[in-house]
Number of protein chains: 4
Amino acid sequence: MRAAAEEFAVRGLDASVADIARRAGVGKGTVFRHFATKDDLIAAIVLDRIAVLTGVGERLLEAADPGAALLEFLTIAAQQQQQRDLSFLQEVGEPSAAVVQARSRMFQTIHALVGRARDNGAVRADITGSDVILLMCAPGYITSYVPDAPPGLWRRYLALIFDGLRPDGASPLPHPPPAGP
Amino acid sequence: MRAAAEEFAVRGLDASVADIARRAGVGKGTVFRHFATKDDLIAAIVLDRIAVLTGVGERLLEAADPGAALLEFLTIAAQQQQQRDLSFLQEVGEPSAAVVQARSRMFQTIHALVGRARDNGAVRADITGSDVILLMCAPGYITSYVPDAPPGLWRRYLALIFDGLRPDGASPLPHPPPAGP
Amino acid sequence: MRAAAEEFAVRGLDASVADIARRAGVGKGTVFRHFATKDDLIAAIVLDRIAVLTGVGERLLEAADPGAALLEFLTIAAQQQQQRDLSFLQEVGEPSAAVVQARSRMFQTIHALVGRARDNGAVRADITGSDVILLMCAPGYITSYVPDAPPGLWRRYLALIFDGLRPDGASPLPHPPPAGP
Amino acid sequence: MRAAAEEFAVRGLDASVADIARRAGVGKGTVFRHFATKDDLIAAIVLDRIAVLTGVGERLLEAADPGAALLEFLTIAAQQQQQRDLSFLQEVGEPSAAVVQARSRMFQTIHALVGRARDNGAVRADITGSDVILLMCAPGYITSYVPDAPPGLWRRYLALIFDGLRPDGASPLPHPPPAGP
DNA sequence: AATGAATGAGGCTTCATTCAT
DNA sequence: CATGAATGAAGCCTCATTCAT
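Residues numbered from 1 in each chain as written. Chains lettered and ligands numbered in written order. Predicted model: local features only at pLDDT ≥ 70, side-chain atom pairs only at ≥ 80, totals over all residues. Heavy atoms only, no water.

## Some details on the pattern of salt bridges
Residues and elements named next belong to chain A. In this structure the tally under the stated criterion is 40 salt bridges over all chains. A salt bridge links Arg 124 to Asp 126, with the shortest nitrogen-to-oxygen separation between them at 2.9 Å. A residue is classified by how much of its surface remains accessible, and Arg 124, at 4% relative accessible area, is buried. One continuous salt-bridge network, built from bridges that share partners, spans Glu 6, Glu 7, Arg 11, Asp 19, Arg 22 and Arg 23. (Salt bridge = Lys/Arg side-chain N within 4 Å of Asp/Glu carboxyl O. Buried < 20%, exposed > 50% of the residue type's maximum accessible area, 1.4 Å probe, protein only.)

Spelled out as structure tokens, the structure:
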């Protein structure tokens, strides 16, 4: 069922429940059996992705090379983000308490990953976890507007962005990081 | 009238024509007098932005410092992109011939700007105009999900992305650029 | 099962089959096992009530005091009517043959009860069985719109209505009784 | 438009907006132009009736014969109530503030009318305004279940009920009046 | 026999678009 | 020209009913 919500990837969050049901090969009513609301369906997908990513991130906290760990985390994040309009930041209406909590735990993990990489000199000193949280969805976004994007194109832009995070040739940043998440 | 379509900035492309008309202080019918279709209204806004940006780009082609010129172009592009959901790449339905043509002219300008900067050594050799076209909307996108983003936050991410484009400490890119635009 | 349809009393006839099944502690399917249709379920409840009332009425035909017998009949009818929206007259769709027949037998009984009371001088001469049939649901109806009606409130209005049926101080009625049932 | 909502009279409050629109000879959307919500439409009808009745009631407070005034009030109320399921007491969801206020003013008027009639000896001493408020919808209700009721049938039952309110042959009432409205 | 997952018709509501004034 | 009333397609959601397990 959740797999059928890949409709969101193609049509964006405006995909109608009818379309989703058709793609899933079930009736409209069946979708509502599982998710009382379209927002609930979206929340379930987001929650699932957050959980996976948090798991990955927590495992990578144990990795030997903090810089490589962060890059791998971003790689996996971008990979799963290959479906537009479902960034973890997305808020359709108010996010449920469950989403807020899961997100906050994921954010903590990311802050830790970034902290380790920064301490290690793998990323520049003026980068915060919040920066990475915001940047992590960019590769997915960037490639989402290429009509028939080749499958690995996002890797190109992740690499470019990650290069920007590296200490080499870093120019001073013109604005402080957001206090945000 | 077009200025009234700043409603899109606040509510996204789902803003209703009624809201737009109210903000513009005119009747709904008047909107349709000028733009036969909501999509036409969007196209007009996009077209306008493309024209402005193309003008800026063409002027910057004459600038002395190709690297600074590219950065300034991206700065202006990001600045005007501070309104979510209206990237130049956006396609609601099929883009009209006019949009396609204007866009293609803008793309040519960007290719030229990037070519100059690359020849000058201001950006890495493996970067193409298409890359920059795709990256130019990212600062706007990135900051669009920060609830109460401070006004200049996008500059931070533009700087980071631009650092990634610089030759210093460039790592090899894992995927060729898109043939695309 | 039928007892579980007291849900109708609380929520009206719009109570969903799911709620009814839950209250009955069975699955939705089981409800449909016993009653092919929601209307059938309603009909069964109505039928049951009609049968009870008919029994009561027929027994009261033997009572010594015809006036008291009629009052008692109305009391019992009102008592059981304390659940809104299930008057015997209610027709959801077309009443089944069984309902029509049971109802008609109950109507005969009421006509007989009223006839005896009228002959006895307990109720005014211009009252027919049809009048009583129509009036008998009124106490239930009247109290159904009192938000937190005290349990015996209906007795007050039954008494008032019954006083109207008494010969004392009867004013001439402005319209003939319905030919109806 | 409001006149077209006589659909409620035939089908009850479950009448669909589509049916109402069809009967009114307009499109569904037009109904929502005038009443943002189906409940708003109902409230508008109820409000209108309440206003009319309150006007009538306040005028009748000046009448010479308090008993006749009350009877006339009830006659007009019953007349307008000839459409089932739209009693003033009806609450679909929560009644709006406007309905609550208008209703309360109407209730005050009724209390005054009843008070005068009681002081005058036209109705029994143990009757309150609340009783009359509850009884006033009964004629409409009673006749609503007669399939092809003759037009003036309700007058018969109003007369019977009013006879019950008269002091002649009044038997003691078994339950106190509701505190309610 | 019982269950509850699946279904799809139908209800309310929104909104782009048309058109008489 | 401008307006806003009218329209109806389309979306979300509920619920009676069916049916495989």
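## Here we look at the side chain of Asp 19 of chain D
Here Asp 19 of chain D shows up in helix 2 (residues 17-24). In this structure Asp 19 of chain D touches Glu 7 and Arg 11 of chain D, once residues within four positions along its chain are discounted. (Helix = DSSP H or I, 4+ residues; strand = E, 2+ residues; numbered from the N terminus. Contact = heavy atoms within 4.5 Å.)

## As for helix 9 (residues 153-165) of chain B
All names here are of chain B. End to end, helix 9 covers 19 Å across 13 residues, agreeing with the expected 18 Å (1.5 Å per residue, within 8%). Here helix 9 lies mainly inside the structure; 12 of its 13 residues are buried. Listing the buried residues of helix 9 in full gives Leu 153, Trp 154, Arg 156, Tyr 157, Leu 158, Ala 159, Leu 160, Ile 161, Phe 162, Asp 163, Gly 164 and Leu 165. (Expected span 1.5 Å × (residues − 1).)

## Focus on the interface of chain C and chain D
Facing the 40 residues of chain C at the interface are 40 residues of chain D. Both faces combined, the contact of chain C with chain D buries some 3,500 Å², and carbon together with sulfur accounts for 64% of it. At the junction of chain C with chain D, the criterion picks out 4 salt bridges. Between Asp 131 of chain C and Arg 156 of chain D there is a salt bridge, with the nearest N and O atoms lying 2.6 Å from each other. In this structure, the connection of chain C to chain D is made through 14 residue pairs in polar contact (both at pLDDT 80 or more). Elements with a minimum of two residues in the side of chain C that touches chain D: helix 7 (129-135), helix 8 (138-144) and helix 9 (153-165) of chain C. A per-element tally of the side of chain C that touches chain D places helix 9 of chain C first, with 9 residues. Grouping the amino acids of the side of chain C that touches chain D by side-chain chemistry returns 22 nonpolar, 9 polar and 9 charged. (Buried area = accessible area lost by both parts, 1.4 Å probe. Polar contact = N/O pair within 3.5 Å; in protein donor to acceptor, adjacent residues only side chain to side chain. Nonpolar A, V, L, I, M, F, W, Y, C, P; charged D, E, K, R; others polar.)

## Details of the packing of aromatic side chains
Residue and element names in this part refer to chain C. Following the criterion strictly, the structure yields 6 aromatic pairs over all chains and no others. Between Tyr 141 and Tyr 145 the ring centres are 5.6 Å apart and the planes differ by 90 degrees, which places this aromatic pair in the edge-to-face class. Taking the relative accessible area as the measure of exposure, Tyr 141 reaches 14% and is therefore buried. Residue Tyr 145 is classed as partly exposed on the basis of its relative accessible area of 22%. (Phe/Tyr/Trp six-rings, centres within 6.5 Å; stacked < 30°, edge-to-face > 60°.)

## Some points on the packing of helix 4 (residues 38-60) of chain C against helix 6 (residues 97-119) of chain C
Residues and elements named next belong to chain C. Interhelical geometry of helix 4 versus helix 6 gives an angle of 25 degrees and a closest axis separation of 9 Å. On the basis of their axis angle, the class for helix 4 and helix 6 is roughly parallel. The interaxial crossing formed by helix 4 with helix 6 has left-handed handedness. Along its contact with helix 4, which presents Ala 43, Leu 47, Ile 50, Leu 53, Thr 54, Gly 57, Glu 58 and Leu 60, the element helix 6 presents Ala 98, Val 99, Ala 102, Arg 103, Arg 105, Met 106, Thr 109, Leu 113 and Arg 116. Its residues placed into classes, the contact of helix 4 with helix 6 shows 10 nonpolar, 3 polar and 4 charged. (Axes fitted to C-alpha atoms, helices over the stretch in contact; angles between N-to-C directions. Parallel < 35°, antiparallel > 145°, perpendicular 65-115°, else oblique. Left-handed = near helix turned anticlockwise from the far one by under 90°.)

## Looking at the packing of helix 4 (residues 38-60) of chain B against helix 5 (residues 66-80) of chain B
All names here are of chain B. At their nearest, the axes of helix 4 and helix 5 sit 10 Å apart, and the two run at 165 degrees to each other. In this view, helix 4 runs roughly antiparallel relative to helix 5, as classed from their interaxial angle. Crossing of helix 4 over helix 5 shows right-handed handedness. Between helix 4 and helix 5, the residues in contact are Arg 49, Val 52, Leu 53, Val 56, Gly 57 and Leu 60 and Ala 69, Glu 72, Phe 73, Ile 76, Ala 77 and Gln 80, respectively.

## Concerning the relation of the copies chain A and chain B
Note: a rotation about an axis with an accompanying shift along it relates these two copies of the chain. Overlay of chain A on chain B (RMSD 0.4 Å): rotation 179 degrees, translation along the axis 0.2 Å. With respect to symmetry, the two chain copies, as superposed, fit the operation of a two-fold axis. Distance from the rotation axis, computed per C-alpha, reaches its smallest value in chain A at Gly 164 of chain A: 1.8 Å. With an isologous cut-off of 70% or more, the 98% of interface residues of chain A that recur at the interface of chain B puts this contact in the isologous class. (Least-squares fit on C-alpha atoms with pLDDT ≥ 70 in both.)

## Description of the interface of chain A and chain B
With 40 residues of chain A in contact, the opposing surface of chain B contributes 40 residues. Taken together, both faces of the contact between chain A and chain B bury some 3,400 Å²; the carbon and sulfur share is 64%. Contact with chain B buries surface across chain A, with Tyr 141, Arg 156 and His 175 of chain A losing the most and accounting together for 21% of the total. Counting across the chain A and chain B interface gives 4 salt bridges. The residue Asp 163 of chain B makes a salt bridge to Arg 124 of chain A at a minimum N-O spacing of 2.7 Å. Counting across the interface, chain A meets chain B through 14 residue pairs in polar contact (both at pLDDT 80 or more). Residue assignment for the side of chain A that touches chain B shows that the elements contributing at least two residues are helix 7 (129-135), helix 8 (138-144) and helix 9 (153-165) of chain A. Of all the elements, helix 9 of chain A adds the most residues to the side of chain A that touches chain B, at 9 residues. Its residues placed into classes, the side of chain A that touches chain B shows 22 nonpolar, 8 polar and 10 charged.

## Digging into the arrangement of the chains
In this assembly chain A lies apart from chain C, the nearest approach of their C-alpha atoms being 13 Å. Looking at chain B next to chain C, you find no contact at all, with the nearest C-alpha pair sitting 35 Å apart.

## Some words on the domain arrangement of chain A
The figure often quoted for interface size is the accessible area lost as the parts come together. Looking at chain A, the domain boundaries give domain 1 (1-34) and domain 2 (42-165). Centre-to-centre, using C-alpha coordinates, domain 1 of chain A lies 25 Å away from domain 2 of chain A. (Domains from an automatic or database assignment.)

## Considering the protein's contact with DNA strand E
Not every one of the 27 residues close to DNA strand E is listed here, only the nearest: Gly 27, Thr 30 and Arg 33 of chain A, Val 17 of chain B together with Thr 30 of chain C. A share of 64% of the atoms of DNA strand E within 4 Å of the protein falls on sugar and phosphate groups. Here a phosphate oxygen of DNA strand E and a backbone polar atom of Lys 38 of chain B are 2.7 Å apart. Lys 28 of chain D has a polar side-chain atom sitting 3.3 Å from a base oxygen of DNA strand E. Elements with a contribution of two residues or more to the surface near DNA strand E: helix 3 (28-34) of chain A, helix 3 (28-34) of chain B, helix 3 (28-34) of chain C together with helix 3 (28-34) of chain D. With 5 residues, the single largest contributor to the surface near DNA strand E is helix 3 of chain A. Looking at the surface near DNA strand E residue by residue, the class counts come to 8 nonpolar, 11 polar and 8 charged. (Near = heavy atom within 4 Å.)

## Some words on the protein's contact with DNA strand F
The local shell around DNA strand F holds 27 residues, among which Thr 30 of chain B, Lys 38 of chain C together with Gly 27, Thr 30 and Arg 33 of chain D are the closest. Counting only the atoms of DNA strand F within 4 Å of the protein, the fraction contributed by sugar and phosphate is 66%. Gly 29 of chain B is positioned with one of its backbone polar atoms (N or O) 3.2 Å from a base nitrogen of DNA strand F. Listed by contribution, the elements that provide at least two residues to the surface near DNA strand F are helix 3 of chain A, helix 3 of chain B, helix 3 of chain C together with helix 3 of chain D. The biggest single contributor to the surface near DNA strand F is helix 3 of chain D, with 5 residues. For the surface near DNA strand F, the per-class residue count stands at 8 nonpolar, 11 polar and 8 charged.

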